[in-house]
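Listed here are the chains, written in short residue letters.
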Amino acid sequence: MSRATAILHPGQPVTLAPGGNISFEIEAGKKLKLTQPEGEQVADFISFNRDDVRELLSMHSSRAVNLNWKLTAPDVLYSNRTREMWQIEEDLTRENYCGGGYCSEHLNVARYGEVGKGAPNCQSNLEMAVRGYGMDRWSFNVDACFNVFMTVAYDENGVWEIRSPKGKPGDYIVMRALMPQIVAISNCPVLFNPCNNFRLKPLTLEILK
Ligand SMILES: [Zn+2]
């Protein structure tokens, strides 16, 4: 019995509701397709080595090996042991934030005040998604999070700004798993900034045949 929240059968797409979360397992060599049916929706994506969950995706390792902070096809994403985890094979939007991080209640309160209390956020979504494995909030960290379809801009003075996403309806990314993994995705529920252009939309997931 899987401890994931879902089992993805190759060739059968699954829709993740606006603000929803999911975990599932993927075998090495399989390709995961993540689609924005309506566009303009960010996915907060973490994954673990299924055989040893202390090894997880690392944006730091991925940036440091690729010598780039805007990773897209055909870049490889690395683990915290700097081993290959994913190869991005196709990416129509070509906008993914690779600085690490996800929205959380404490971050929302710090940035937006009291309205952040109890508001849906990616940290609790991801925590819910991995709970079946006996993992919790401390089993992953901000460095593990690949912000798929998210637009962040830095200017020459170091100003860091979340901007409206650029994904068009039907845009997708295809990533090939390079080791067996547990994947958890939060369909980002934040409405306090332009991350999802102030409207939450579904995402579609499919392990390709
Ligand atoms: Zn989020």
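Since this is a predicted model, take the numbers as computed values, not measurements. Along each chain, the written sequence defines residue order, and numbers are assigned to residues from 1. Local features in a predicted model are, by the rule used here, given only for residues with pLDDT of at least 70; side-chain atom pairs are given and counted only at 80 or more, and totals for whole chains, interfaces and linings are based on all residues. Note that water and hydrogens are dropped before the side-chain values are worked out from all heavy atoms of the structure.

Now, about a nonpolar patch on the surface: what can you tell me, with residues and values included?
Exposure above 30% relative accessible area and the lack of any salt bridge qualify a residue for a patch; like charges then connect within 9 Å, and the nonpolar side chains Val, Leu, Ile, Met, Phe, Trp and Tyr within 5 Å. Accessible surface area values rest on a Shrake-Rupley calculation with a 1.4 Å probe, where residue burial reflects the displayed protein chains alone. In the sections that follow, a salt bridge refers to a side-chain nitrogen of Lys or Arg positioned within 4 Å of a carboxyl oxygen of Asp or Glu. Taken together, the side chains of Trp 69, Tyr 154 and Trp 160 present a nonpolar region at the surface, about 320 Å² in accessible area. The helix count covers DSSP runs of H or I at least four residues long, the strand count covers runs of E at least two residues long, and both are numbered beginning at the N terminus. Its place among the elements puts Tyr 154 in strand 10 (residues 151-154).

Go over the coordination of the zinc ion with me, naming the residues and quoting the values.
Counted as donors are the N, O and S atoms within 2.8 Å of the metal, or 3.2 Å for Na, K and Ca, while water is not among the atoms, so some sites may look incomplete. At this site the zinc ion is bound by Cys 103 (SG), Cys 122 (SG) and Cys 188 (SG), with donor distances of 2.3 Å. Exposure classes here rest on a 1.4 Å probe applied to the protein chains alone. A residue is buried below 20% of its type maximum, exposed above 50%, and partly exposed in between. On the basis of relative accessibility, which here comes to 2%, the residue Cys 188 falls in the buried class.

Could you give an account of the layout of surface pockets, with specific residues and numbers?
Each cavity reported here is a set of points on a 1 Å grid over the protein atoms alone in which a 1.4 Å probe fits but cannot get out, each pocket an open set with protein on both sides within 12 Å along at least five of seven lines, and each lining residue one with an atom within 4 Å of a point. Grid points are joined across faces, edges and corners, and a volume is the space filled by probe spheres set on the points. Its volume calculated, the largest pocket comes out at about 190 Å³. Lining the largest pocket we find 17 residues, and of these Tyr 102, Cys 103, Arg 111, Met 150 and Ile 162 sit closest to its centre. For the lining of the largest pocket, the elements supplying multiple residues, two or more each, are helix 2 (105-112) and strand 11 (160-163). Gly is put with the polar residues, along with every residue not named as nonpolar or charged; the nonpolar set is Ala, Val, Leu, Ile, Met, Phe, Trp, Tyr, Cys and Pro, and the charged set is Asp, Glu, Lys and Arg. Partitioned by chemical class, the residues of the lining of the largest pocket number 11 nonpolar, four polar and two charged.

So what about the sheet that holds strand 7 (residues 84-91)? Which residues, and what values?
Pairing between strands is defined by DSSP: at least two bridges between the two strands are required. Taken together, seven strands build an open sheet; the order of strands is 1-14-3-12-7-6-5 and the sheet is antiparallel. Both outer strands of the open sheet, strand 1 (14-16) and strand 5 (57-58), are each paired with one neighbouring strand and no more. Taken together, the two bridges between strand 5 and strand 6 (residues 76-79) define a ladder with antiparallel strand orientation. Among the inter-strand pairings, Ser 58 is bridged to a residue of strand 6, identified as Tyr 78. In the packing of helix 1 (residues 59-66) onto the sheet, the strands contacted are strand 5 and strand 6, and the crossing angle to strand 6 comes to about 130°. When checking whether two residues touch, look at their non-hydrogen atoms; a contact exists if any pair is within 4.5 Å. The axes used here are C-alpha line fits, helices contributing only the stretch in contact, and every angle between their N-to-C directions lies in the interval 0 to 180 degrees.

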